[in-house]
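Residues per chain, in single letters:
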Amino acid sequence: MTTEQRPIRGSIPALITPMLEDGQVDYPTLRKLIDWHVAEGTDGLVIVGTSGESPTVNVDEHHEILRVSVEQAAKRIPIIAGCGANSTAEAISLAQYAESIGADAQLQVVPYYNKPTQEGLFQHFKAIAEATPKLPVILYNVPGRTVADLQHDTVMRLAQVPGIIGIKEATSNIERAQWLIRDVPKAFAVFSGDDATAVALMLCGGAGNISVTANVAPRQMHELCMAALRGDVKEAMRIQFQLMPVHKNLFVEANPIPVKWAMQRMGLCGPTLRLPMTELSESQQPVVEAALKASGLI
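Cut-off values and rules
- Residues numbered from 1 in each chain as written.
- Predicted model: local features only at pLDDT ≥ 70, side-chain atom pairs only at ≥ 80, totals over all residues.
- Heavy atoms only, no water.
- Salt bridge = Lys/Arg side-chain N within 4 Å of Asp/Glu carboxyl O.
- Helix = DSSP H or I, 4+ residues; strand = E, 2+ residues; numbered from the N terminus.
- Polar contact = N/O pair within 3.5 Å; in protein donor to acceptor, adjacent residues only side chain to side chain.
- Contact = heavy atoms within 4.5 Å.
- Expected span 1.5 Å × (residues − 1).
- Bend = angle between axes of the 7 residues up to and from the residue.
- Buried < 20%, exposed > 50% of the residue type's maximum accessible area, 1.4 Å probe, protein only.
- Axes fitted to C-alpha atoms, helices over the stretch in contact; angles between N-to-C directions.
- Parallel < 35°, antiparallel > 145°, perpendicular 65-115°, else oblique.
- Left-handed = near helix turned anticlockwise from the far one by under 90°.
- Nonpolar A, V, L, I, M, F, W, Y, C, P; charged D, E, K, R; others polar.

1. Re the pattern of salt bridges
For the structure shown, the criterion picks out 15 salt bridges. The salt bridge partner of R230 is D232, with a shortest N-O separation of 3.6 Å. Connected through shared salt-bridge partners, R31, E64, R67 and E71 make up one network.

Quick look at the structure:
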């Protein structure tokens, strides 16, 4: 998958949104995290996705987080703006703002809660692509969160729409991903949205991994993705085996609760989340800490 500026492949962290103790967005730490990811070899960043607590930031904050991220990245790595909403008009508005500030692409999740039909999903994404012709669209299918499920035939239709250039496939179903990779146009990118199965998807021809683990292990995830993309199974699996405890235990509670706790444990940001998300329960903190140690991250 390519934007006008560069190809987007490899390890793409779905970046957390750091927050101060009072719940305000911590913009200085956001800038530091972006610089750190650039230095560690991260291949692109998703901003204000699920991991970035998109449900609880208001529109002004959403805009500012995107603006600061694009400014700080300064075209060193691609910025993929999380612009999804269950209102097509709202999704278009966010995407038009991201387009206006120079984001490289947009991530558009399947609308949640209102349970649209497949035709409704097609029309939703088609309208977004038509409204933002200079900002490539990456679809995002995660039925475990959205309930609605973007079916194979609908993806095939959307892959023919100008400006829709990829999908984040987060079902963890490798057979399903293989059918997508087999059937989509050559230029249409299939990204994993599941760290535990990302190696398998890339070895089947996927373009990369939009990752939670890469928030805490950016260098390792970049190297894992590069190995998988060049077909080096031995090296990819060496890193995969190292990171499996993190892949698993960053989901002992709903994302981004565990990853934000892990990042504060590593000294990367504070632990604050916005309600209704709460800090990782005390009983799970030793589990996440043990995973970080087992993966060599602390």
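2. Some remarks on the side chain of R176
Looking at the secondary structure, you find R176 in helix α7 (residues 174-183). A distance of 2.6 Å separates the side chain of R176 from the side chain of D149, its partner in a polar contact. In this structure R176 touches N141, D149, L150, Q151, E169 and T171, once residues within four positions along its chain are discounted.

3. As for helix α10 (residues 233-249)
For α10, built from 17 residues, the straight-helix expectation of 24 Å at 1.5 Å per residue is met to within 8% by its first-to-last C-alpha distance of 24 Å. Most pronounced at L243, the bend in α10 amounts to some 50 degrees, and the proline P245 follows within four residues. Of the positions making up α10, those classed as buried are A236, I239, Q240, L243, V246, H247 and N249. Where the residues of α10 are buried, they touch α8 (198-203), α9 (218-229), α11 (257-265) and α12 (285-294).

4. So, the packing of α10 against α12
Orientation of α10 relative to α12, taken along the N-to-C sense of each, is 160 degrees, at an axis distance of 7 Å. Classified by the angle between their axes, α10 and α12 sit roughly antiparallel to one another. Once α10 is placed against α12, the crossing between them reads as left-handed. Counted together, Q242, P245, V246 and N249 of α10 and V287, V288, A291, L292 and A294 of α12 form the full contact between these two elements.

5. Notes on the packing of helix α1 (residues 27-40) against helix α2 (residues 59-73)
The description of two helices packed together rests on the angle between their axes and the distance between the axes. It is the contact of α1 with α2, at a shortest axis distance of 10 Å, that shows an interaxial angle of 40 degrees. Judged on the interaxial angle alone, α2 and α1 are oblique. Crossing hand, α1 versus α2: right-handed. Counting all contacts with α1, which are made through Y27, L30, R31, I34 and D35, the residues of α2 involved are E61, E64, I65, R67, V68, S69, E71, Q72 and A73. Partitioning the contact of α1 with α2 into residue classes produces six nonpolar, two polar and six charged.

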